[in-house]
Amino acid sequence: MPEDRKEAAHARILLVEDEERIADFVSRGLTESGYKVDWAGTAALALELAHDTEHDLVILDLLLPDMDGLALLEKLRNRQSSPPVLILSARSALDDRIRGLDLGADDYLIKPFAFAELLARCRALLRRGSALPERLRAGDLTLDCIRRRVSRAGRVIELAPKEFSILEYLMRNQGRPLTRTMIVEHVWDTEYDGLTNIVDVYIRHLRAKIDDGAEVKLIQTVRGTGYMLDASGQGGGEEPVP
C-alpha cells in the first residue's frame, strides 16, 4: 500500500458542503484515496456529526443554507476536541480569507479547485494538525497503535482486528459513553441498522480477554446509552444495554 494510503487508512473527514454535486465529487475522491468521509449538507447536521463522531479533519464550505460557515467554524472551534479545518469556498475576497483564518481555519482553498491540490492540502493538515498518540493507556492496560499490541499488567493480549479497533476507539474516548451507532459507524464505516447485536458480541469478546480475572473492570456499560472505557474502578456492571 502506498504511504499516503497508509496515512489515510484510519483518518476520518467531515465534509460540510450543501451542493450535492460537489459533495459527491469530493467524497468519492477522498474515499478512493483511502479516507472515511461523513457528509453534512447543513450546519445543523455537521454539528450533530461532530458531536457523535471523532473526526481528524473538517472540510468546510462557507455558503450553507442554515448558518454562515464562519459561524459554524466558531462553534466547531469552541468544542473540547477540535480537528484541523480546511475552508473550501467560492468566497475569494482577501477579507473572507483573512477572516476565516483568523477565526481558526487551518487552510483556505478557493473554488473552483483541482482535486489533487485539495488532496495534498488534506494530507498536509492531517500530518501537521492531528497527530495522535502512538501508545494509549488506561490503568494497567496499554495499547500500542503502531505495533498493534495490547497488554494488561504485563500480560500480552491477542485481539482480532475488529476487537483492536473497538478497543482503540474506546481508549481514545476514555470516560466518554459511546453508543452502538458510534462504534459501528467508526469501526465498520457503515450505517447502524438498529437490529444487529454485533457490538454486544464484540464487547463480550473484549471483556473476556481484558477484564476477566482483573480486579478493575475497564469496559463499562452505560445503561440506556452504550459502552465506555473507565479506569477509575467506579463504573457499573456488565449487563447489556436494553
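Residues numbered from 1 in each chain as written. Predicted model: local features only at pLDDT ≥ 70, side-chain atom pairs only at ≥ 80, totals over all residues. Heavy atoms only, no water.

The next point concerns the nonpolar core. Grouped together as the largest cluster of nonpolar side chains are 28 residues, with contacts concentrated most on Leu141, Leu167 and Leu229. Taken together, the elements giving at least two residues each to this core come down to β6 (135-138), β7 (141-144), α7 (161-172), α8 (180-187), α9 (198-210) and β12 (226-229). If you tally residues by element for this core, the top one is α7, at six residues. Once you skip the residues sitting within four places of it in the chain, Leu167 turns out to touch Leu141, Leu143, Val150, Leu159, Leu206, Ile210 and Leu229. (Core = buried A, V, L, I, M, F, W, Y, C linked by side-chain atoms within 4.5 Å. Buried < 20%, exposed > 50% of the residue type's maximum accessible area, 1.4 Å probe, protein only. Helix = DSSP H or I, 4+ residues; strand = E, 2+ residues; numbered from the N terminus. Contact = heavy atoms within 4.5 Å.)

Let us now look at the confidence of the model for the protein chain. When pLDDT is averaged along the protein chain, the result is 85, and 85% of the positions lie at 70 or above. Here helix α1 (residues 3-8) stands out as the element of the protein chain with the lowest mean pLDDT, 47, in contrast to strand β3 (residues 57-60), whose mean of 96 is the highest. Low pLDDT (under 50) marks residues 1-6, which in the prediction has five contacts with non-local residues, meaning those over four places away or in another chain. Confidence drops under a pLDDT of 50 for residues 236-242, and excluding neighbours within four residues, the segment shows 20 contacts in the predicted structure. (pLDDT = per-residue confidence, 0-100.)

A separate point is the sheet that holds strand β9 (residues 155-157). Pairing in this open sheet of four strands is antiparallel, and the strands run β6-β7-β8-β9 from one edge to the other. Each end of this open sheet is capped by a strand with a single partner; those strands are β6 and β9. The mean angle between the axes of side-by-side strands here comes to 20 degrees, regardless of whether they run parallel or antiparallel. As defined by bridge partners, β7 adjoins strand β8 (residues 149-152) across four bridges and the pair is classed as antiparallel. The residue of β8 that forms the bridge with Leu141 is Arg152. Relative to β9, α9 is tilted by about 160 degrees, and along the sheet it contacts β7, β8 and β9. (Pairing = 2+ DSSP bridges. Axes fitted to C-alpha atoms, helices over the stretch in contact; angles between N-to-C directions.)

Here Arg180 is to be found in helix α8. Among the residues examined, Arg180 registers a relative accessible area of 14% and is labelled buried. Reaching out from Arg180, the side chain makes a polar contact with the side chain of Asp200 at a distance of 3.0 Å. (Polar contact = N/O pair within 3.5 Å; in protein donor to acceptor, adjacent residues only side chain to side chain.)

Across the sheet, three strands lie side by side as β10-β12-β11; this open sheet has antiparallel pairing. Strands with a single pairing partner mark the edges of an open sheet, and in this sheet they are β10 (178-179) and β11 (219-222). Pairing analysis gives two bridges linking β10 to β12, with the strands arranged antiparallel. Bridging across to β12, Leu178 finds its partner in Tyr227. Lying over the sheet, α7 contacts β10 and β12, oriented at roughly 70 degrees with respect to β12. Packed onto the sheet, α9 meets β11 and β12 and runs at close to 145 degrees relative to β11.

For any two helices packed against each other, one specifies the inter-axial angle together with the distance between the axes. It is the contact of α7 with α9, at a shortest axis distance of 10 Å, that shows an interaxial angle of 80 degrees. Comparing their axes, α9 and α7 come out roughly perpendicular. Counting all contacts with α7, which are made through Lys162, Glu163, Ile166, Leu167 and Leu170, the residues of α9 involved are Tyr202, Ile203, His205, Leu206, Lys209 and Ile210. Within the contact of α7 with α9, the residues separate by chemical class into seven nonpolar, one polar and three charged. (Parallel < 35°, antiparallel > 145°, perpendicular 65-115°, else oblique. Nonpolar A, V, L, I, M, F, W, Y, C, P; charged D, E, K, R; others polar.)

This part covers the side chain of Ser89. Here Ser89 is to be found in strand β4 (residues 85-89). A polar contact is formed between the side chain of Ser89 and the backbone nitrogen of Arg91, at a distance of 2.9 Å.

According to the stated counting rule, one finds 16 salt bridges in the structure shown. Residue Arg28 is joined to Asp24 by a salt bridge in which the shortest nitrogen-to-oxygen separation is 3.0 Å. Residue Arg28 and its partner Asp24 are located together in helix α2 (residues 20-32), separated by four residues, close to a single helical turn. Judged by relative accessible area, Arg28 falls into the partly exposed class, the value being 44%. Exposure remark for Asp24: the relative accessible area of 39% places this residue in the partly exposed category. Residue Arg180 pairs with Asp200 through a salt bridge whose shortest N-O separation is 3.0 Å. Remark: Asp200 occurs in helix α9 and Arg180 occurs in helix α8; sequence separation between them is 20 residues. For the residue pair Arg180 and Asp200, the accessibility class agrees, reading buried in each case. (Salt bridge = Lys/Arg side-chain N within 4 Å of Asp/Glu carboxyl O.)

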